[in-house]
Amino acid sequence: MRTVGWAKKKGKKQENRLYLTRVAPLPLDKWLPVFEIPMLAGTKLWNSCVWESREARKNGTKYPTESEMKEKFKGYESWKRLHSQSSQSVVEEYFEAVRSYVKHKDNGRDEMRPPGFKPKATLRTITWKRQGFECREGLLTLKLSRKLDDIGVSLPEGFDTLELPDGTVLKGTPVEVKVKAVYRKGKVVGLEMHVTWDFGVVPMVLAGKVSAYDLNAALVARGSTEGSQQLLVCRELLSLIQYRNKVIAEFQQKMSRCKERSRRWKALLSAKRKALKKLERRINQLTNALTKLMAGLDQAEDITFSVLGDLTDIRRKSRSGDKDKKASQKINQLPYAQIEQQHAYKSLLRQVYPDKASERYSSQTCSHCGTRNKSYRVHRGLWCCKKCRATMHADLNGVNGIMKNYLFGHCGIEQPFPLKPPEVYRWNKRLNRFVKVSPRASA
Ligand SMILES: [Zn+2]
């Protein structure tokens, strides 16, 4: 059973609602005959969307809107093969794909293709929304159009429940079901059922220990109210991201030198796509390993609040044209949004409350005595307070400052609890995970 999770955020305030998508394989010989016809109908509807858009472009007429397309397809044979919400989903997914294509194109990602025709034999993923299915006593009933028979699938044991570390068992409400075909080298090798469960707001005791994280370029610093201090060395992640930016820039330059849509241009495009896909998979692997380590450290200390230093202030600054070099470097180098999202759901799964705290002034204030003076940061890695004589790693000074801000606000209070000696974790290529190393290795 494979699981993908996320935490839903509503506006600025985190709601701590936990969603998990669970995946179960459906044996091909039994289920392909059942799902093949609706899946092919889905592909037909998709191709109708593409066709309508291309016609509009060819004839110079107005592009049809989402609701116009839905209205028009209602009479189609393929529309009537699926539950109306599933048919509508195909159109919605098409428009979503167009929007994302436009967005990427605007960002200079010219390797993106506009959504196009799919081969007729493609098995399209079918989505069932709330009204399209029922779930009772471990049996999932997927509806097609009114005239066709429902499809009944029994769920694996424990598919709808989640046990929390304190023993609480949450029962999920299904919100969406998808049936997907798994392709390998152009051949269908399996079918999968993805069920997304809403496990509600995770119950937690909202009092307890706090940990804080400061995400810097190549280092993530961690501190906690237990006094522990960790440096998580992310040099590999950083260099992958820098390498990815370099690859994008190089391809862009090469492609700008040849004619658009020429043979060479197309060859470059496909090479670029391939290179980026591989890199993005590695980046994803590393951020997952990092957030797993973070969650593990929190769990080991029985943390209740896990706080990320909030980069929003700094980001806004760089967007508004203030070319603070350090700030923009910081933003360009860490997949902050990805880490934040993974940190949130991995924390919730362990009943840890994910939160954010301001980073303001934390890098220029002494966490020991509360004196604010930029120049005490001797260089990137070293903080030497001239007032209280504290000498420490600048990032650990920063993260202890973030934690103090979170607990007490900006009040210049002295270090409230004794600190333990710093620990260092680095990525081990051979073991494919972070391991603890001697502190000297961080230098
Ligand atoms: Zn000081």
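Bear in mind the structure is a predicted one, so any value in this text is a computation, not a measurement.

Colleague: Just checking my understanding: could you explain the overall build of the protein for this structure?
Modeller: In terms of helices and strands, the protein carries nine helices and 20 strands. The long-range share in the protein, meaning contacts at least 24 apart out of those at least 6 apart in sequence, stands at 66%. Between the centroid of the 86 positive side chains of the protein and the centroid of its 45 negative side chains there is a distance of 8 Å.

Colleague: I keep staring at the domain arrangement of the protein and nothing clicks. Help me out?
Modeller: Accessible area lost during the coming together of the parts is what is often quoted as the interface size. Each assigned domain of the protein is listed here: domain 1 (2-201) and domain 2 (209-442). With centres defined by C-alpha atoms, the gap from domain 1 to domain 2 works out at 34 Å. Domain 1 puts 21 residues into the contact, and the matching count from domain 2 is 20 residues. Carbon and sulfur atoms supply 50% of the area that domain 1 and domain 2 bury against each other, a total of about 1,700 Å² over both sides. At the boundary of domain 1 and domain 2, one finds one residue pair in polar contact (both at pLDDT 80 or more). Contributions of two or more residues to the side of domain 1 that touches domain 2 are made by strand S1 (2-10) and strand S2 (13-26).

Colleague: Explanation requested: the UniProt feature "domain: Cas12f1-like TNB" (unreviewed entry) in the protein in the structure shown.
Modeller: Mapped onto the present numbering, the UniProt feature "domain: Cas12f1-like TNB" (unreviewed entry) falls at residues 336-399. Here residues 336-399 is 31% helix and 23% strand, with 16 Å between the C-alpha atoms at its ends.

Colleague: What should I look at first to understand a positive patch on the surface in this one?
Modeller: A surface patch of like charges, here positive, comprises Lys-274, Lys-277, Lys-278 and Arg-281. Within the secondary structure, Lys-278 is located in helix H5 (residues 263-300).

Colleague: Looking at this structure, I do not really get the UniProt feature "coiled-coil region" (unreviewed entry) in the protein. What am I missing?
Modeller: In the numbering adopted here, UniProt assigns the feature "coiled-coil region" (unreviewed entry) to residues 262-303. Along residues 262-303 the backbone is 90% helical and 2% strand, and the end-to-end C-alpha distance reaches 57 Å.

Colleague: It is not clear to me how the sheet that holds strand S4 (residues 133-136) should be interpreted in this structure. Could you clarify?
Modeller: Within a beta sheet, neighbouring strands are joined by backbone hydrogen bonds and run either parallel or antiparallel to one another. Pairing within the open sheet is antiparallel, and its three strands lie in the order S4-S5-S6. Across the chains shown, the open sheet's two edge strands, defined by having one partner strand only, are S4 and strand S6 (151-154). Ignoring which end each strand starts from, the neighbouring axes of this sheet average 20 degrees apart. Alignment of S4 against strand S5 (residues 139-142), held across four bridges, turns out to be antiparallel. Pairing of Phe-133 across the sheet is with Leu-142, part of S5. Across the sheet, helix H1 (residues 28-59) touches S5 and S6, and the angle it forms with S6 is around 145 degrees.

Colleague: Explain the pattern of salt bridges to me, please; I cannot follow it from the model alone.
Modeller: Opposite charge on two side chains permits pairing when their charged atoms draw close. Enumeration according to the criterion identifies 21 salt bridges in this entry. A salt bridge links Lys-171 to Asp-160; its shortest N-O distance comes to 2.6 Å. Taken together, the residues span a long stretch of sequence, with Lys-171 in strand S8 (residues 169-171) and Asp-160 in the loop between S6 and strand S7 (161-163) at a distance of eleven residues. Note on Asp-160: relative accessible area 19%, which makes it buried. Among the ionic pairs, Asp-395 bridges to Arg-377, the shortest N-O distance being 3.4 Å. In this pair, Asp-395 is assigned in helix H9 (residues 394-408) and Arg-377 in strand S16 (residues 377-379), connecting sequence segments 18 residues apart. The exposure class assigned to Asp-395 is buried, which follows from its relative accessible area of 3%. Salt bridges sharing partners connect three or more residues here, namely Glu-66, Lys-70, Glu-92 and Lys-129.

Colleague: Mind showing me how you'd approach the coordination of the zinc ion here?
Modeller: Ideal geometry at a metal centre: 109.5 degrees between donors when four sit tetrahedrally, and 90 or 180 degrees when six sit octahedrally. With distances of 2.3 Å, the protein atoms coordinating the zinc ion are Cys-366 (SG), Cys-369 (SG), Cys-385 (SG) and Cys-388 (SG). One can describe the site at the zinc ion as tetrahedral: its four donor atoms subtend angles covering 106 to 112 degrees at the metal. Read in sequence order, the donor residues coordinating the zinc ion give the pattern C-x2-C-x15-C-x2-C. Of this pair, Cys-369 sits in the loop between strand S15 (353-358) and S16 while Cys-388 sits in the loop between strand S17 (382-384) and strand S18 (391-393); the two residues are 19 residues apart in sequence, bridging distant segments of the chain. Exposure remark for Cys-388: the relative accessible area of 31% places this residue in the partly exposed category.

Colleague: What am I meant to see in the confidence of the model for the protein here?
Modeller: The predicted structure's coordinates, where accompanied by low pLDDT, should not be read in detail. Summary statistics for the protein give a mean pLDDT of 88 and a share of 91% for residues scoring 70 or more. Here helix H7 (residues 325-333) stands out as the element of the protein with the lowest mean pLDDT, 50, in contrast to strand S3 (residues 126-128), whose mean of 97 is the highest. Here residues 316-331 is modelled with pLDDT under 50, and outside its nearest four sequence neighbours on either side it reaches 14 contacts, counting other chains as well.

Colleague: Can you help me understand the pairing of strand S13 (residues 229-233) in this one?
Modeller: Residues in a regular strand project their side chains so that they alternate between the two faces of the sheet. Of all five residues in S13, five are buried; the element is thus mostly enclosed. With burial as the criterion, each face of S13 is covered, one bearing Gln-229, Leu-231 and Val-233 and the other bearing Gln-230 and Leu-232. In this structure, the hairpin formed by strand S12 (residues 219-224) and S13 is closed by a connection of four residues, where Gly-227 is found at a positive phi of approximately 85 degrees. Pairing of S13 with strand S19 (residues 423-428), which is carried by three bridges, proceeds in the parallel orientation. Its bridge partner being in S19, Gln-230 is matched across the sheet by Glu-423.

Colleague: Help me understand helix H8 (residues 336-349), please; the structure alone is not making it clear to me.
Modeller: Owing to its 3.6 residues per turn, the α-helix brings residues three or four apart onto one side. Its 14 residues give H8 an end-to-end C-alpha distance of 20 Å, which sits within 8% of 20 Å, the value for a rise of 1.5 Å per residue. The buried fraction of H8 amounts to ten of the 14 residues, a majority that puts the element mostly inside the structure. Within the span of H8, buried status applies to Tyr-336, Ile-339, Glu-340, Gln-342, His-343, Ala-344, Tyr-345, Lys-346, Ser-347 and Leu-348. Taken from the residues just after H8, Gln-351 is the one with a positive phi, measuring 60 degrees.

Colleague: Just checking my understanding: could you explain the nonpolar core for this structure?
Modeller: The nonpolar side chains of a soluble globular protein tend to be buried, and buried together. Grouped together as the largest cluster of nonpolar side chains are 61 residues, with contacts concentrated most on Phe-35, Trp-128, Leu-142 and Met-193. By residue number, the principal contributor to this core is H1, which donates seven residues. Three or more residues apiece are contributed to this core by two domains, here domain 1 (2-201) and domain 2 (209-442). Setting aside its immediate chain neighbours within four residues, Trp-128 contacts Phe-35, Ser-86, Phe-133, Leu-142, Lys-143, Leu-144, Glu-176, Val-177 and Val-179. Cys-234, Ile-283, Ala-289 and Phe-434 belong to the second-largest nonpolar core, a separate cluster that totals 33 residues.

Rules used throughout
- Residues numbered from 1 in each chain as written.
- Predicted model: local features only at pLDDT ≥ 70, side-chain atom pairs only at ≥ 80, totals over all residues.
- Heavy atoms only, no water.
- Helix = DSSP H or I, 4+ residues; strand = E, 2+ residues; numbered from the N terminus.
- Contact = heavy atoms within 4.5 Å.
- Lys, Arg positive; Asp, Glu negative; His and termini not counted.
- Charge placed at Lys NZ, Arg CZ, Asp CG, Glu CD.
- Domains from an automatic or database assignment.
- Buried area = accessible area lost by both parts, 1.4 Å probe.
- Polar contact = N/O pair within 3.5 Å; in protein donor to acceptor, adjacent residues only side chain to side chain.
- UniProt positions renumbered as here; feature names shortened; annotations may be inferred.
- Patch = residues over 30% accessible without salt bridge, like charges linked within 9 Å, V, L, I, M, F, W, Y side chains within 5 Å.
- Areas by Shrake-Rupley, 256 points an atom, 1.4 Å probe, with all protein chains shown as cover.
- Salt bridge = Lys/Arg side-chain N within 4 Å of Asp/Glu carboxyl O.
- Pairing = 2+ DSSP bridges.
- Axes fitted to C-alpha atoms, helices over the stretch in contact; angles between N-to-C directions.
- Buried < 20%, exposed > 50% of the residue type's maximum accessible area, 1.4 Å probe, protein only.
- Donors = N, O, S within 2.8 Å, 3.2 Å for Na, K, Ca; no water.
- Tetrahedral: all angles 85-135°; square planar, octahedral: opposite > 155°, others 65-115°.
- pLDDT = per-residue confidence, 0-100.
- Expected span 1.5 Å × (residues − 1).
- Core = buried A, V, L, I, M, F, W, Y, C linked by side-chain atoms within 4.5 Å.

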